[in-house]
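Coordinate inspection notes
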Amino acid sequence: MSILTQPVELEHIGVNKACVFIQCQCCRRKESSLQVNITPLEWRDAAVAVGWRHVMTEYTDIDVVCPTCVEAFHLPVQRPKKEAV
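Overview of the structure. (Residues numbered from 1 in each chain as written. Predicted model: local features only at pLDDT ≥ 70, side-chain atom pairs only at ≥ 80, totals over all residues. Heavy atoms only, no water.)

Concerning the packing of aromatic side chains
In plain terms, the rule: Two aromatic rings from Phe, Tyr or Trp, using only the six-membered ring of Trp, form a pair when their centres are within 6.5 Å; if the ring planes differ by under 30 degrees the pair is stacked, by over 60 it is edge-to-face, and anything between is tilted. Two thresholds decide whether a charge sits over a ring: the Lys NZ or Arg CZ must be within 6 Å of the ring centre and within 35 degrees of the ring normal.
Taken as a whole, this structure holds zero aromatic pairs when the rule is applied. Positioned above the aromatic ring of Phe21 is the side chain of Lys30, whose terminal nitrogen or guanidinium carbon lies 4.2 Å from the ring centre.

This is the structure:
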């Protein structure tokens, strides 16, 4: 399976009561800024710097994925071992 990752877009940064945030569409993890004077563009740049991505595969297209879930996409598929009879 091939995986293509791109930086998240500015449109995926939310604002709630002057606090900017980003939320993973895979695991629903949410990260919010602690500063009220940070702009959505600055928050998007910070999110991209720590690993938030837009992930595309042959089977799925997820706009906002946290670094933990991005790493999980890159892990090899674990197949159950067959027991000897």
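That was the structure; now back to the text.
Thoughts on helix α2 (residues 67-74)
Worth spelling out the cut-off: Burial status follows relative accessibility: with a 1.4 Å probe on protein chains alone, a residue under 20% of its type maximum counts as buried, one over 50% as exposed, and anything between as partly exposed. For helices the rule is a DSSP run of H or I covering at least 4 residues; for strands it is a run of E covering at least 2, with both sets numbered from the N terminus onward. As used here, the arc is the angular range of directions from the helix axis to the C-beta atoms. We call two residues in contact whenever any of their non-hydrogen atoms come within 4.5 Å of each other.
Within α2, the full set of buried residues consists of Cys69, Val70 and Phe73. The buried residues of α2 occupy an angular sector of 105° when projected down its axis, which confines them to one face. For α2, the exposed residues set more than 90 degrees away from the buried face come down to Thr68 and Glu71. Looking at the buried positions of α2, the neighbouring elements they touch are β5 (53-56) and β6 (61-65).

Quick look at the pairing of strand β3 (residues 19-23)
The cut-off we apply is this: For two strands to be treated as a pair, DSSP must find at least two bridges joining them.
Bridging between strand β2 (residues 14-16) and β3 involves three bridges; their strand directions are antiparallel. Its bridge partner being in β3, Asn16 is matched across the sheet by Cys19. What sits between β2 and β3 in their antiparallel hairpin is a turn of two residues, with Lys17 showing a positive phi close to 55°. Here β3 runs beside strand β4 (residues 30-32); their pairing, made up of three bridges, is antiparallel. Counted as the bridge partner of Ile22 is Glu31 from β4. In sequence, β3 turns back onto β4 through a hairpin of six residues, with Arg28 there showing a positive phi of about 70°.

Looking at the state of the cysteines
Disulfide: a covalent bond connecting the sulfur atoms of a pair of cysteines. Keep this limit in mind: Disulfide assignment relies on a single distance test, namely cysteine sulfur atoms paired within 2.5 Å.
Taken as a whole and assessed by the stated rule, the structure comprises zero disulfides. In this structure Cys19 is a free cysteine whose sulfur lies 18 Å from that of Cys24, the closest cysteine sulfur available.

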